[in-house]
Amino acid sequence: MTRVDVRLLEPEDEADYTALVGCASGSPFTHSWAYRNALSESGYGEPRYFGAYVVGQLRAVLPTFVCRGALGAVLNSLPLVQSPGDVVVEASVAEDQKRSMAAQLIEAALQV
């Protein structure tokens, strides 16, 4: 299986993320960078978008927000309202690689 590198997305990754969302199946507005910025500016917490890179290309993202308080931290995946979100994956990625990348992204998120 191809090596997957997981890292947090930075503001300079916006174009790559937007391109991924554009080619992912079923990505709603709540996966957009604009929604990320709106939530962040509204005080919903700190955006923590975990990206899975294969051969240097962004192939999947677990978009989350973390809210920290006196009793600890809460990590929510987007869309943040109504239901927990899912991993945003490029439509051409094979099913077994989707599962592998999702597991690695979730593992990274749990380290928050």
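Residues numbered from 1 in each chain as written. Predicted model: local features only at pLDDT ≥ 70, side-chain atom pairs only at ≥ 80, totals over all residues. Heavy atoms only, no water.

### Side note on the overall build of the protein chain
Regarding its fold elements, the protein chain presents three helices and five strands. In the protein chain, the succession of helices and strands from N to C terminus is β-α-α-β-β-β-β-α. Relative to the compact-globule value of 13 Å for 112 residues, the protein chain shows a C-alpha radius of gyration of 13 Å, a close match. For the protein chain, the spread of C-alpha atoms along the principal axes amounts to about 40 × 25 × 25 Å. Within the protein chain, the proportion of its 112 residues that are buried is 39%. Contacts spanning at least 24 positions in sequence make up 59% of the contacts within the protein chain whose residues lie at least 6 apart. Summing over all exposed atoms, the protein chain offers an accessible surface of approximately 6,300 Å²; the carbon and sulfur share of this is 52%. Computed over 8 positive and 13 negative side-chain charges, the inter-centroid distance for the protein chain is 4 Å. (Helix = DSSP H or I, 4+ residues; strand = E, 2+ residues; numbered from the N terminus. Rg over C-alpha atoms; globule rule 2.2 N^0.38 Å. Buried < 20%, exposed > 50% of the residue type's maximum accessible area, 1.4 Å probe, protein only. Contact = heavy atoms within 4.5 Å. Areas by Shrake-Rupley, 256 points an atom, 1.4 Å probe, with all protein chains shown as cover. Lys, Arg positive; Asp, Glu negative; His and termini not counted. Charge placed at Lys NZ, Arg CZ, Asp CG, Glu CD.)

### Describing the packing of aromatic side chains
Applying the stated criterion across every chain, the model contains four aromatic pairs. Ring geometry for Tyr-17 against Tyr-49: centres 5.4 Å apart, planes inclined by 70°, an arrangement best described as edge-to-face. Taken together, the positions of Tyr-17 in helix α1 (residues 14-23) and Tyr-49 in strand β2 (residues 46-54) put the pair 32 residues apart, joining distant regions of the chain. Here Tyr-17 and Tyr-49 have matching classes, each one buried. Through a chain of ring-to-ring contacts, the aromatic side chains of Tyr-17, Trp-33 and Tyr-49 assemble into a single cluster. Over the face of the ring belonging to Trp-33 we find Arg-36, whose NZ or CZ atom lies 4.2 Å from the ring centre. Lying across the ring of Tyr-49, Arg-36 places its NZ or CZ 5.6 Å from the centre. (Phe/Tyr/Trp six-rings, centres within 6.5 Å; stacked < 30°, edge-to-face > 60°. Lys NZ or Arg CZ within 6 Å of the ring centre and 35° of its normal.)

### A closer look at the environment of Val-93
One can find Val-93 in the loop between β5 (88-89) and α3 (95-109). When the C-alpha atoms of Val-93 and Ala-24 are compared, they prove to be 9.6 Å apart, with 69 residues separating the residues in sequence.

### Considering the pattern of salt bridges
This structure, assessed with the given rule, holds seven salt bridges. Two residues, Arg-7 and Asp-13, come together in a salt bridge whose shortest N-O distance is 3.0 Å. Glu-95 is the salt-bridge partner of Arg-99, the closest N and O atoms lying 3.9 Å from each other. Here the residue Arg-99 and the residue Glu-95 both occupy positions in helix α3, the gap between them amounting to four residues, near one helical turn. Classification of Glu-95 by relative accessible area gives partly exposed; the value is 47%. (Salt bridge = Lys/Arg side-chain N within 4 Å of Asp/Glu carboxyl O.)

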